[in-house]
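Examination of the molecular architecture
In case you want the letters, here they are:
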Amino acid sequence: MTVTQPAAKMLVELSKSQDVVAGDGTTSVVVICGALLKKCQDLLERGRVTAASSDNVSSSGDKI
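Residues numbered from 1 in each chain as written. Predicted model: local features only at pLDDT ≥ 70, side-chain atom pairs only at ≥ 80, totals over all residues. Heavy atoms only, no water.

- An unreviewed UniProt entry annotates the protein chain as T-complex protein 1 subunit delta originating from Haematococcus lacustris.
- Turning to the protein chain, the UniProt record has this under Sequence similarities (unreviewed entry): "Belongs to the TCP-1 chaperonin family." (UniProt positions renumbered as here; feature names shortened; annotations may be inferred.)

Here is the structure:
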């Protein structure tokens, strides 16, 4: 599969990684990413700074 859009590429790579680790999970990856993107969109619409949002998402991943 050839994907050129950056966010779509990321989803493909996440799905591949999840498949290697757990044997499945493409749907879970897409649902979680969709939920994260929706929350980020909500923050942007409220005028939140994107760099701060990105830092918070990144640091929350370190805690998992």
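Right, picking up where we left off after that structure.
1. As for the packing of helix α1 (residues 6-22) against helix α2 (residues 26-45)
- Contact geometry of α1 with α2 gives a least axis separation of 8 Å together with a crossing angle of 135°. The angle between α1 and α2 falls in the class oblique. The interaxial crossing formed by α1 with α2 has right-handed handedness. Only T26, V29, V30 and C33 of α2 make contact with α1, whose side of the interface consists of L11, L14, S15 and Q18. (Axes fitted to C-alpha atoms, helices over the stretch in contact; angles between N-to-C directions. Helix = DSSP H or I, 4+ residues; strand = E, 2+ residues; numbered from the N terminus. Parallel < 35°, antiparallel > 145°, perpendicular 65-115°, else oblique. Left-handed = near helix turned anticlockwise from the far one by under 90°. Contact = heavy atoms within 4.5 Å.)

2. Notes on the side chain of S15
- With respect to the secondary-structure elements, S15 resides in helix α1.
- In contact with S15, not counting residues within four places along its chain, are T26 and V29.

3. Digging into the confidence of the model for the protein chain
- Confidence in the prediction of the protein chain, expressed as mean pLDDT, is 82, and 91% of residues score 70 or more.
- The element-level mean pLDDT for the protein chain is lowest in helix α3 (residues 50-63), coming to 70, with α1 highest at 87. (pLDDT = per-residue confidence, 0-100.)

4. Examining the pattern of salt bridges
- Inspection of every chain in the model, using the stated rule, returns two salt bridges.
- Between K38 and D42 there is a salt bridge, and its shortest N-O distance comes to 2.9 Å. Placement of the pair is K38 and D42 together in helix α2, with a separation of four residues, close to one helical turn.
- Looking at D42, the relative accessible area reads 19%, which means it is buried. (Salt bridge = Lys/Arg side-chain N within 4 Å of Asp/Glu carboxyl O. Buried < 20%, exposed > 50% of the residue type's maximum accessible area, 1.4 Å probe, protein only.)

5. Remarks on α2
- With 20 residues, α2 ought to run about 28 Å at 1.5 Å a step, and its terminal C-alpha atoms sit 28 Å apart, in line with that.
- Among all positions of α2, only V29, C33 and D42 are buried.
- A positive phi of about 85° marks G47, the residue just after α2. (Expected span 1.5 Å × (residues − 1).)

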